[in-house]
Amino acid sequence: MDYQFILVEREDPIAVLTLNRPQQLNALNWTLIGELADACEALDRDDAIRCLVITGAGDKAFAAGADIKEMTGQTPVSMMTGEFEGWDRLRRIHKPIVAAVGGFALGGGMELAMHCDLIIASENARFGQPEINLGVIPGAGGTQRISRNIGKFIAMEMVLTGRNFTAEELHRLGLVNAVVPVGQHLEKAKEVAHTIATKGPVAVRVAKEAILAAFEMPQEQGLMYEKRLFATLFATEDQKEGMAAFVEKRKADFKGR
């Protein structure tokens with residue numbers, strides 16, 4: 001399928017989705033977010049694809065924020081209803097998503113990176129939530145994800161001052177998985193995605209579900225939830241294959257069943 005603002009490249013068993021508005025620093029308009037959600041959902045249903053990578057076109061930005069020109073005409077009703085549906089759809093993707101960030105990831109761009117499951121960043125990557133400078137606040141999860149992942153005080157600094165953070169700063173704080181030389185973020189992200197793709201697809205999906213649930217449940221409830229998911233995997237062919245391969249000292253051939 002052809003899209004207006006994103007590119008989709010299959011490199012089975014992974015797929016790379018590129019935000020493709022380089023002249024606008026890949027600013028996120030509603031069409032782009034909808035297309036990205038459409039493409040991710042299609043790949044989520046595709047058994048040949050086991051991990052997704054999201055990156056931005058050009059060398060200046062992953063995504064430098066929302067398309068402010070489009071947003072200026074919005075109303076409270078439009079902002080509370082259908083316009084944000086694409087973000088909710090991205091949050092429900094089951095397969096792991098790796099963000100490959102080079103240049104600016106600001107506002108919605110940082111929020112999109114945080115919708116992913118791992119973040120690989122170039123040394124020149126800059127992250128921030130500058131919405132306060134426009135008289136608003138982050139609206140696609142910024143205040144919540146920053147607070148939950150790296151704490152109240154960093155969230156307050158980032159959101160209230162609008163200051164940009166370097167990739168290295170966020171790596172030390174635990175929000176970025178790896179920082180690589182400029183221009184190598186996509187290759188490193190693809191390498192990580194290929195590693196994930198070698199694992200049992202059912203177990204990978206369930207592991208992602210369990211980790212995300214840790215942010216929603218009290219620990220005791222989360223431990224019981226994990227235990228049930230763990231036990232359920234013993235009904236899969238992949239569990240039998242993985243353990244047999246370990247005993248037989250060979251590489252497992254996972255089928256996703």
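Before going further, it helps to examine the side chain of Glu241. Secondary-structure assignment places Glu241 in helix H12 (residues 237–248). Ignoring sequence-local partners within four residues, the contact set of Glu241 consists of Arg250, Lys251, Ala252 and Asp253.

A word on the packing of aromatic side chains. Counting across every chain of the model gives one aromatic pair. The interplanar angle of 70° and the centroid separation of 5.3 Å between the aromatic rings of Phe230 and Phe234 together place this pair among those described as edge-to-face. When its relative accessible area of 53% is taken as the criterion, Phe230 is described as exposed. Since its relative accessible area comes to 36%, Phe234 is described here as partly exposed. When the ring centre of Phe5 is taken as reference, the NZ or CZ atom of Arg21 above it lies at 5.0 Å. Lying over the aromatic face of Phe165, Arg163 brings its terminal NZ or CZ to 3.8 Å of the ring centre.

Taken as a whole, this structure holds 15 salt bridges when the rule is applied. With its nearest N and O atoms 3.0 Å apart, the salt bridge here joins Glu157 to Arg163. Taking relative accessible area as the criterion, Glu157 reaches 30% and is therefore assigned partly exposed. In this structure, the salt-bridge partner of Glu241 is Arg250, at a minimum N-O distance of 2.7 Å.

Cut-off values and rules
Residues numbered from 1 in each chain as written. Predicted model: local features only at pLDDT ≥ 70, side-chain atom pairs only at ≥ 80, totals over all residues. Heavy atoms only, no water. Helix = DSSP H or I, 4+ residues; strand = E, 2+ residues; numbered from the N terminus. Contact = heavy atoms within 4.5 Å. Phe/Tyr/Trp six-rings, centres within 6.5 Å; stacked < 30°, edge-to-face > 60°. Buried < 20%, exposed > 50% of the residue type's maximum accessible area, 1.4 Å probe, protein only. Lys NZ or Arg CZ within 6 Å of the ring centre and 35° of its normal. Salt bridge = Lys/Arg side-chain N within 4 Å of Asp/Glu carboxyl O.

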